[in-house]
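Structure at a glance
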Amino acid sequence: MASVLSSAGRRTTLGLLIAVAAAFSFGMSGAWARGLIDAGWTPGAAVTVRVWVGAIALLIPTLLALRGRWGAVRRNAGMVLAYGLLAVTATQLFYFQAVAVMDVGIALLIEYTAPVAVVLWLWIRRGERPSARSIAGAVVAFVGLVLMLDIVTGARLDLGGILWALGAMVGAAAYFILSARSDTGVPPIALAGLGLLIGAVGLTLAGVLGVLPMTWTTDDIAYRFGTVPWFVPVLAIGLVAAALAYVLGIVSTRMLGSRLASFVALAEVVAAMLFGWLLLGQLPDLLQAIGAALVLAGVVLVKLGEPQAPEFVEPLPEPVDG
């Protein structure tokens, strides 16, 4: 029994480290993309190229990981399609539509209510009632996000923007719930690769149809430390903030469960502010620093309120298709 508990503890610790790495990988995308946008790129063009670079980077690893496992993809085609359309395409598309008509902080705050949606979903769908500590952690983390995003003074609200941001929240919640599905036989890197490919196609179609404005430039991009060629931030947001981030995110979510992983992912906001300072010279004020501390405190409370057993256990490898 002691060895089992020790093994579970090591798994949780490793899962937390991977989840934080995923959050920091995701978190750098905003600062790199801001340089592109300031240079003349539309948000839609920046996010579409990000997802395409990530999909191409994971293409060969995805094909290798799926050798003998295409049956699992066929059996879970609906889940894979939902991941690509909801966790990737909808989250990105809806968020940038919201940003177009409302303050960025408000849109991001609404999207980051996804962890609360995950807790409610698990409660309603599976009857997994959250503990008092988990609820307290959700409240503390939410208050921390409000302070970090600096939206407590006079931000403009737009009903259409709120609805778009709520759509992004649903997509983000779907990301955590679907990523936690370790009973499908689809390897994490394959799910990430297929999801990014579906997302890239979906975003491209949105651009072709005129739903997502697409404008870009090949001019050099200016950052705090100097200027770089346009492909440097493109590769950063595609290889690190998409390909690596999605793989780490799926792996960690399968190890921790969707509820805990979704709260650990709040560290992405902390990472975004750190990279905002490093790349753009944007320093958080005292109120935002207090908010960061509250976010971390909320994650700890959620962890303390988690059940000992993970939501899913990794299955044994499937037999090779004959």
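See the structure above.
All of these numbers come straight from a predicted model, not from anything done at the bench.

Conventions adopted
Throughout, residues of each chain are indexed from 1 in the direction in which the sequence is written. With pLDDT at 70 or above as the cut-off, local features in this predicted model cover only qualifying residues; side-chain atom pairs require 80 or more to be listed or tallied, and sums for whole chains, interfaces and linings still use all residues. Note that water and hydrogens are dropped before the side-chain values are worked out from all heavy atoms of the structure. Here a helix means four or more residues in a row that DSSP labels H or I, a strand means two or more in a row labelled E, and each is numbered from the N terminus. Per-residue accessibility, obtained with a 1.4 Å probe over protein chains only, is compared with the maximum for each type, and a residue is labelled buried under 20%, exposed over 50%, and partly exposed between these values. The contact rule is simple, with two residues in contact once any of their heavy atoms fall within 4.5 Å. The protein chains shown are the only cover counted for residues, whose accessible areas, like all others here, come from Shrake-Rupley with a 1.4 Å probe. Note on ring pairs: Phe, Tyr and Trp rings are taken, using the six-membered ring of Trp, and paired if centres are within 6.5 Å. Classes follow the plane angle, with under 30 degrees stacked, over 60 edge-to-face and the rest tilted. Like charges are joined within 9 Å and nonpolar side chains (Val, Leu, Ile, Met, Phe, Trp, Tyr) within 5 Å, but only among residues with over 30% relative accessible area and no salt bridge; these make up the patches. Salt bridges are identified by distance alone: a Lys or Arg side-chain nitrogen within 4 Å of an Asp or Glu carboxyl oxygen. Only the stretch in contact is used when fitting a helix axis, every axis being a line fitted to C-alpha atoms; angles between N-to-C directions are given from 0 to 180 degrees. By the definition adopted for this analysis, an angle is roughly parallel if under 35 degrees, roughly antiparallel if over 145, roughly perpendicular if from 65 to 115, and oblique otherwise. To estimate how far a helix should extend, the number of its residues minus one is multiplied by 1.5 Å. Here the bend at a residue is taken as the angle between two axes, fitted respectively to the seven residues that end there and the seven that start there. In the analysis that follows, any N or O atom pair within 3.5 Å is treated as a polar contact, provided that within protein one partner can donate a hydrogen and the other can accept it, and provided that, for residues neighboring in sequence, both atoms belong to side chains. To form a nonpolar core, buried Ala, Val, Leu, Ile, Met, Phe, Trp, Tyr and Cys residues must be joined to one another through side-chain atoms within 4.5 Å. Here is the rule for handedness: rotate from the far helix to the near one, and if that takes an anticlockwise turn smaller than a right angle the crossing is left-handed, while a clockwise turn gives right-handed. Amino acids are sorted into nonpolar (Ala, Val, Leu, Ile, Met, Phe, Trp, Tyr, Cys and Pro), charged (Asp, Glu, Lys and Arg) and polar (every other residue, Gly among them).

**Looking at the overall build of the chain**
On a plain count of helices and strands, the chain comes out with 14 helices and 2 strands. For the chain, the proportion of its 322 residues judged to be buried stands at 50%. Across the chain, the fraction of contacts at a sequence separation of at least 24, relative to all contacts at a separation of at least 6, is 90%. Total accessible area on the chain stands at roughly 14,800 Å², and carbon and sulfur atoms take up 71% of it.

**A closer look at the packing of aromatic side chains**
Two measures describe an aromatic ring pair: the distance that separates the ring centres and the angle between the ring planes. Taken as a whole and assessed by the stated rule, the structure comprises 9 aromatic pairs. On the numbers, 6.3 Å between centres and 40° between planes, the contact of Y83 with Y175 is tilted. Residue Y83 is located in helix α5 (residues 77-99), and its partner Y175 is located in helix α9 (residues 159-179); the two are separated by 92 residues in the primary sequence. For the pair formed by Y83 and Y175, the shared burial category is buried. Joined through ring pairs, the aromatic side chains of F26, Y83, Y175 and Y246 make up one cluster.

**Regarding a nonpolar patch on the surface**
There is a patch of nonpolar side chains on the surface, built from W52, I56, L197, V201, L205, L209 and V211 and spanning about 650 Å² of accessible area. Going through the elements one at a time, α2 (43-57) and α10 (188-208) are the ones with two or more residues in the nonpolar patch. With 3 residues, the single largest contributor to the nonpolar patch is α10. Structurally, the position occupied by L197 is in helix α10.

**Quick word on the pattern of salt bridges**
Following the criterion strictly, the structure yields 1 salt bridge and no others. The salt bridge partner of R34 is D38, with a shortest N-O separation of 2.9 Å. With R34 and D38 both in helix α1 (residues 2-38) and 4 residues apart, the pair spans about one turn of that helix. Looking at R34, the relative accessible area reads 38%, which means it is partly exposed.

**Description of the packing of α9 against helix α11 (residues 231-256)**
Contact geometry for α9 and α11: axes closest at 8 Å, N-to-C directions at 60°. One way to sum up the angle between α9 and α11 is to call them oblique. Facing α9, whose interface residues are Y175, F176 and S179, α11 presents A245, Y246, G249, I250, T253 and R254.

**Observations regarding α11**
The end-to-end C-alpha distance of α11, which contains 26 residues, comes to 35 Å, matching closely the 38 Å that a straight helix rising 1.5 Å per residue would cover. Of all bends in α11, the biggest is about 35°, found at A245. Counting buried residues along α11, 19 of its 26 residues qualify, which places the element largely inside the surrounding structure.

**Thoughts on the side chain of T42**
Topologically, T42 is positioned in the loop between α1 and α2. Polar contacts involving the side chain of T42 include one to the main-chain carbonyl oxygen of P213, which spans 2.9 Å.

**A short note on the nonpolar core**
In this structure, Y83, Y175, L191, L196, Y246 and L266 are the most contacted members of the largest nonpolar core, which totals 65 residues. Beyond its immediate stretch of four places on either side in the chain, Y246 contacts F26, Y83, A87, V88, Q92, Y175, A192 and L196. Formed by 18 residues, the second largest nonpolar core is a distinct cluster that contains W41, V53, Y223 and L279.

**Description of the packing of helix α7 (residues 114-126) against α9**
The contact between α7 and α9 brings their axes to 8 Å, and the two run at 60°. It follows from the interaxial angle that α7 and α9 lie oblique. Pair α7 / α9 crosses with right-handed handedness. On the side of α7, the interface is formed by A114, A117, V118 and W121, while α9 contributes M169, A172, A173, F176 and I177. Class assignment for the residues of the contact of α7 with α9 results in 9 nonpolar, no polar and no charged.

Geometric descriptors of this kind do not, in isolation, establish any biological role.
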